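Next come the chains, spelled out residue by residue.
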Amino acid sequence: MTTLTPVLTGNWDQPDSFTRAGYERGGGYKALRKAFGMDPDDIVQAVKDSGLRGRGGAGFPTGMKWGFLPPTSPNPRYLVVNADESEPGTCKDIPLMMANPHVLVEGTIISSYAIRSNIAFIYVRGEVLHVIRRLHQAVAEAYEAGYLGKDILGSGYDLDIVVHSGAGAYICGEETALLDSLEGFRGWPRLKPPFPAVAGLYGGPTVINNVESIASVPSIVGNGPEWFAAMGTEKSQGFGIFSLSGHVTRPGQYEAPLGITLRELLDMAGGIREGHRLKFWTPGGSSTPIFTDEHLDVPLDFESVGAAGSMLGTRALQIFDETTCVVRAVLRWSEFYAHESCGKCTPCREGTYWYKLMLKRLEAGQGTEEDLETLLDISDNILGRAFCALGDGATSPVVSSIKLFRDEYLQHFERGACPFDPAESTLWGGAK
Ligand SMILES: Cc1cc2nc3c(=O)[nH]c(=O)nc-3n(C[C@H](O)[C@H](O)[C@H](O)COP(=O)(O)O)c2cc1C
Ligand code: SF4
């Protein structure tokens, strides 16, 4: 059986895990000293060799992304940490920053040094004021210790970190919309190319990485890329935080090698809540096609989840038992997408609006079987045709639920009402 690999979460049970003193007691900031003894290009190579792939959802190789920066440029180059975490079900970066903010600060310093940037931004979801305060505190402590500012630890390297509060919209987590928002504009996705590596923040070469990706860098530098690559699977190396939520006995963050299965994670989490059974789940947040109990043994790595018809995404495992109406769950997610669609492109703006209206009707038992074909038709018009990945993500729960639970949709029309008792489910606030 695969066991847990607590690296980023290793100190969470310490009462002072979020302080510099607490972090340093566990070996924190040692990797920074090691990094300053290395050539920046060797750090980029180490991250490439480790096999680290972006932990923000898409799984793009982190070292390769860093390697796309042009060797010279008239503009300053920037590191931007994406801490906007807003995907339904995704809840790993916020607890990580709350419990262990210094691992992100240390990762930001090493990564900035590696890409030769002298200013880094951490764009944090604006609603999580407690996390923003904690990051400000951690950054202030790092300045006090001489880990930030001018001539860090006598290395001749200068770096400032700016903690920036996000604008309160899911779309601001999309990397190019985030850049617009950081520049003070409304967060709208930008046309690519040019990619941020070439023309990003203020037109300068920019690396954008997820919190967990950057927080993984100190352990890679400290322990070596082979140590990291020895965990996980051949093409999905290392560890990741798996967030179990919903109808599970012990919900929470489980840091484990990529390739672990939901069955193994559920064993550690005490199983589905007592007296109930697994009905459906998301492997990586609401933007990833749902799975059922047939997928309990799918290795949770990028390739295996893809081959089984979904995406690893952010490893946000939302677990639903047999008391949950799948139509209702999909309606709730679709309401979210319709609300968060930025409106820039027609397929997503119109499609998510119609999803919401039609699913509302279907859930109330007022729809027809033809509506299911219309929903699939709308999905065809969004998928691959929307301007950014929000639109594609919105189609995932709709299409996968119709594929896996068509009969449950039909039961709604046949009864003329939802066949589930919402009071039975502890999710979605109970009553309708
Ligand atoms: C609508 C939308 C929201 C997103 N939100 C986030 C987010 O909150 N955090 C994040 O790291 N990536 C988010 N992403 C993915 C980013 O665009 C980008 O791929 C990621 O920050 C890259 O980091 P990584 O390579 O380290 O994974 C979002 C994408 C979309 C389309
Ligand atoms: S897909 Fe949706 S969120 Fe993305 S640009 Fe189009 S309208 Fe905006």
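These numbers were taken from a predicted model, which means no experiment stands behind them.

J.: Quick question: what am I supposed to make of the site of ligand 2 here?
T.: Around ligand 2 there are 13 residues in total, and Cys342, Gly343, Cys345, Cys348 and Cys388 lie nearest to it. Among the residues making up the shell around ligand 2, the classes are represented as nine nonpolar, three polar and one charged.

J.: Can you walk me through helix H17 (residues 389–415) in this structure?
T.: Side chains three or four residues apart in an α-helix point the same way, a direct result of the helix having 3.6 residues per turn. For H17, which comprises 27 residues, the first-to-last C-alpha distance of 36 Å matches the rise-based estimate of 39 Å (1.5 Å per residue) to within 8%. The largest bend along H17 measures about 90° and falls at Phe405. Looking one or two places after H17, you find Gly416, whose phi comes out positive at around 70°.

J.: How should the nonpolar core be read in this particular structure?
T.: Considering soluble globular proteins, one finds that nonpolar side chains tend to be buried as a cluster. Among the nonpolar cores identified, the biggest contains 56 residues, and Trp66, Met97, Ile109, Val124 and Ile161 are the most heavily contacted of them. Examining the composition of this core, we find that eight residues originate from one element, helix H6 (residues 101–115), more than from any other. Those residues in contact with Trp66 that lie beyond four places of it in its chain are Val44, Val47, Ser111, Ala114, Ile115, Val207, Asn209, Ile214 and Val217. Core analysis: the second largest hydrophobic core is formed by 48 residues, Phe280, Ala329, Leu331 and Cys418 among them.

J.: Can you help me understand the state of the cysteines in this one?
T.: By definition, a disulfide links two cysteine residues through a covalent bond between their sulfur atoms. For the structure on display, the rule yields zero disulfides. The structure places no disulfide on Cys172, whose sulfur is separated from the nearest cysteine sulfur, that of Cys342, by 9.3 Å. Cys172 sits in the buried class, given a relative accessible area of 2%.

J.: For this particular structure, what's the right way to read the confidence of the model for the protein chain?
T.: The share of residues in the protein chain with pLDDT of 70 or more is 97%, and the mean pLDDT across the chain is 96. Per-residue pLDDT stays below 50 along residues 428–432; that stretch engages in 15 contacts with residues further than four places along the chain or on separate chains.

J.: Sorry if this is basic, but what is going on with the site of ligand 1 here?
T.: Looking at ligand 1, there are 18 residues lining it, with Gly56, Lys65, Asn209, Asn210 and Ser213 nearest. With respect to ligand 1, the backbone of Glu85 contributes an N or O atom lying 3.0 Å from an oxygen atom. In the complex, 89% of the free accessible area of ligand 1, which totals 610 Å², lies under the protein chains. At the level of secondary structure, the elements contributing two or more residues to the shell around ligand 1 comprise strand E4 (206–210) and H17.

J.: Would you mind going over a nonpolar patch on the surface with me for this structure?
T.: On the surface, a nonpolar cluster with roughly 280 Å² of combined accessible area is contributed by Phe60, Met64 and Phe68. Considering the arrangement of structural elements, one finds Met64 in helix H4 (residues 62–67). By relative accessible area, Met64 is classed as partly exposed at 40%.

J.: I would appreciate a short explanation of unusual backbone geometry in the present structure.
T.: The phi angle of most residues is negative, glycine excepted, and most peptide bonds adopt the trans form. Put simply, Lys192 and Pro193 share a cis peptide bond, and its omega is -10°. Within the element layout of this structure, Pro193 appears in the loop between helix H8 (175–182) and E4. Between Pro193 and Pro194 the backbone carries a cis peptide bond, its omega angle lying at 5°. By the element assignment, Pro194 lies in the loop between H8 and E4. Within the chain, Tyr29 stands out as a residue other than glycine whose phi angle is a positive 70°. Relative to the helices and strands, Tyr29 is located in the loop between helix H1 (20–25) and helix H2 (30–36).

J.: Hey, could you run me through the packing of aromatic side chains in this one?
T.: Centre distance and the angle of the planes are the two values used to describe a pair of aromatic rings. Within the structure shown, the criterion is met by 19 aromatic pairs. Both rings, one in Phe36 and one in Tyr157, keep their centres 6.1 Å apart while their planes meet at 50°; by these two values the pair is tilted. You can see Phe36 sitting in helix H2 and its partner Tyr157 sitting in the loop between helix H7 (129–144) and strand E3 (160–165), a full 121 residues away along the chain. Classification of Phe36 as buried rests on a relative accessible area of 16%. Ring geometry for Tyr353 against Trp354: centres 5.5 Å apart, planes inclined by 80°, an arrangement best described as edge-to-face. Residue classification places Trp354 among the partly exposed positions, given a relative accessible area of 42%. An aromatic cluster is present here, built from Phe280, Phe320, Trp333 and Phe405 joined pairwise through their rings. Its end group placed over the ring of Phe18, Arg134 keeps NZ or CZ at 3.6 Å from the ring centre.

Procedures and definitions
Residues numbered from 1 in each chain as written. Chains lettered and ligands numbered in written order. Predicted model: local features only at pLDDT ≥ 70, side-chain atom pairs only at ≥ 80, totals over all residues. Heavy atoms only, no water. Near = heavy atom within 4 Å. Nonpolar A, V, L, I, M, F, W, Y, C, P; charged D, E, K, R; others polar. Helix = DSSP H or I, 4+ residues; strand = E, 2+ residues; numbered from the N terminus. Expected span 1.5 Å × (residues − 1). Bend = angle between axes of the 7 residues up to and from the residue. Core = buried A, V, L, I, M, F, W, Y, C linked by side-chain atoms within 4.5 Å. Buried < 20%, exposed > 50% of the residue type's maximum accessible area, 1.4 Å probe, protein only. Contact = heavy atoms within 4.5 Å. Disulfide = S-S within 2.5 Å. pLDDT = per-residue confidence, 0-100. Polar contact = N/O pair within 3.5 Å; in protein donor to acceptor, adjacent residues only side chain to side chain. Areas by Shrake-Rupley, 256 points an atom, 1.4 Å probe, with all protein chains shown as cover. Patch = residues over 30% accessible without salt bridge, like charges linked within 9 Å, V, L, I, M, F, W, Y side chains within 5 Å. Salt bridge = Lys/Arg side-chain N within 4 Å of Asp/Glu carboxyl O. Phe/Tyr/Trp six-rings, centres within 6.5 Å; stacked < 30°, edge-to-face > 60°. Lys NZ or Arg CZ within 6 Å of the ring centre and 35° of its normal.

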